[in-house]
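# Observations on the model geometry
Residues per chain are reported as follows:
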Amino acid sequence: MMIMNRIQRRPSPNTSFALFRYSTSNATTTIQNPPEKSPFLKKIVRNQVRKMLSVKSKTGFRDLNEALRLFDEMTRVLPPPSVVSFCQLLVAVVKMKHYAPAVSLFKRMCTLDMPIDAYTVSIVINCYCHLNRVDLSFAILGWLLKSGYEPDVTIFTNLIKGFFFGNNVVEAEELFNKLVREKICEVNEVMYGTMINGLCKSGNTQRAIGMLRMMEGGNCKPNSVVYNTVISGLCKDRMIDDA
């Protein structure tokens, strides 16, 4: 499979995000950028943004527009907030299940040269998977590899989840097997759980049981959630005795 062959470790010089750039209009702001000659006021504004994000990351935004306004405020602060702050906002938008708007915010970050790191990219990959655009997730994964970043188990777990979202069970298994066979990343209980859950929900409970046996014989031991997933799958298939 061509997509699978793209997963390889070949760090090279940074590549731009020009592919993802686009035009957008500015939203109304409530925090004005402080005067150029007032570093103290600038620090106050940055602290306001940071505190607001700290609260919103726990309580959530009232709606998407509130998140978009805060994002616009953040892009007007000079120097801009840290990449951690931008990631907090993106995660809050994703928690509201606004996957397409989160991708659009990422594109604006690229256009405005805002700070971006591997975690930012992993958030966007997760969004594309929820939007059934695993192909675009792999495009961003390609940038990540070319830029010298090492994709972690979370990114690959999201890709596997994306295959299951699109009912591409074979591709999910191919990716998982490639990761294990070539030791591309350390497979953990979350990835195993994602595979078992996806197999059970797609009607492949017997293959899920095989994955469960693999866990039992390895270092990642199954927990109660994994066992309950398999039991639910067996019950759904009317295999009560096996359950």
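Our structure's up above, just so we're on the same page.
The rules behind each value
- Residues numbered from 1 in each chain as written.
- Predicted model: local features only at pLDDT ≥ 70, side-chain atom pairs only at ≥ 80, totals over all residues.
- Heavy atoms only, no water.
- Helix = DSSP H or I, 4+ residues; strand = E, 2+ residues; numbered from the N terminus.
- Buried < 20%, exposed > 50% of the residue type's maximum accessible area, 1.4 Å probe, protein only.
- Contact = heavy atoms within 4.5 Å.
- Areas by Shrake-Rupley, 256 points an atom, 1.4 Å probe, with all protein chains shown as cover.
- Expected span 1.5 Å × (residues − 1).
- Polar contact = N/O pair within 3.5 Å; in protein donor to acceptor, adjacent residues only side chain to side chain.
- Axes fitted to C-alpha atoms, helices over the stretch in contact; angles between N-to-C directions.
- Parallel < 35°, antiparallel > 145°, perpendicular 65-115°, else oblique.
- Left-handed = near helix turned anticlockwise from the far one by under 90°.
- Phe/Tyr/Trp six-rings, centres within 6.5 Å; stacked < 30°, edge-to-face > 60°.
- Core = buried A, V, L, I, M, F, W, Y, C linked by side-chain atoms within 4.5 Å.

### Quick notes on the overall build of the protein
Regarding its fold elements, the protein presents 12 helices and zero strands. In the protein, the order of α-helices and β-strands from amino to carboxyl end is α-α-α-α-α-α-α-α-α-α-α-α. Every one of the 243 residues in the protein was classed for burial, and the buried ones make up 44%. Here the analysis covers contacts within the protein between residues at least 6 apart in sequence; of these, 63% occur between residues at least 24 apart. Working note: accessible area of the protein is about 13200 Å², and carbon and sulfur atoms make up 53% of it.

### A word on helix H6 (residues 118-130)
Spanning 13 residues, H6 covers 19 Å between terminal C-alpha atoms, matching the ideal 18 Å at 1.5 Å per step. Most of H6 is tucked away: 10 of the 13 residues are buried. Residues of H6 that are buried include every one of Thr120, Val121, Ser122, Ile123, Val124, Ile125, Asn126, Cys127, Tyr128 and Cys129, and no others. For H6, the secondary structure elements touched by its buried residues are helix H4 (83-95), helix H5 (99-111), helix H7 (134-146) and helix H8 (153-165). Capping the start of H6 is the job of one residue whose side-chain oxygen sits 3.2 Å from the backbone nitrogen of Tyr119: Asp117. Asn132, located one to two residues past H6, shows a positive phi value of around 60 degrees.

### Describing the side chain of Ser147
Tracing the backbone shows Ser147 in the loop between H7 and H8. Within the local environment of Ser147, its side chain forms a polar contact with the backbone oxygen of Trp143, the two atoms lying 2.9 Å apart.

### Some remarks on the packing of helix H11 (residues 205-216) against helix H12 (residues 224-236)
Across the interface, H11 lies against H12 with an axial gap of 10 Å and an inter-helix angle of 155 degrees. Judged by the angle between their axes, H11 and H12 are roughly antiparallel. The hand of the H11/H12 crossing is left-handed. Residues Thr205, Gln206, Ile209, Leu212, Met215 and Glu216 of H11 form the contact with H12, whose participating residues are Val226, Tyr227, Val230, Gly233 and Leu234.

### Focus on the packing of aromatic side chains
Summed over all chains, the structure comprises four aromatic pairs. With centroids separated by 5.8 Å and ring planes inclined at 35 degrees, the aromatic side chains of Trp143 and Tyr149 adopt a geometry described as tilted.

### Observations concerning unusual backbone geometry
The residue Asn132 is not glycine, and still its phi comes out positive at about 60 degrees. On the accessibility criterion, Asn132 (46% relative accessible area) is partly exposed. In the Ramachandran plot, Lys183 falls in the positive-phi region, its phi being about 50 degrees despite a non-glycine side chain. Among the structural elements, Lys183 can be located in the loop between helix H9 (169-181) and helix H10 (189-201). On the basis of relative accessibility, which here comes to 67%, the residue Lys183 falls in the exposed class.

### Comments concerning the environment of Ile231
Structurally, Ile231 is set in helix H12. On a C-alpha basis, the gap between Ile231 and Cys200 in space is 9.4 Å, while along the polypeptide they are 31 residues apart.

### Some remarks on the nonpolar core
Counting 70 residues, the largest nonpolar core has Leu89, Leu141, Leu159, Ile160, Met191 and Ile196 as the members making the most contacts within it. The element that contributes the greatest number of residues to this core is H4, accounting for eight residues.

### Comments concerning helix H3 (residues 64-76)
One full turn of an α-helix is made of 3.6 residues, so residues set three or four places apart face in the same direction. Here H3 contains 13 residues, and its C-alpha end-to-end distance of 19 Å stays within 8% of the 18 Å for a straight helix at 1.5 Å per residue. When H3 is considered as a whole, its buried residues turn out to be Leu64, Glu66, Ala67, Leu70, Phe71, Asp72, Glu73, Met74 and Thr75. Between the side-chain oxygen of the N-cap and the backbone nitrogen of Asn65 there are 3.2 Å, and the N-cap of H3 in question is Asp63.

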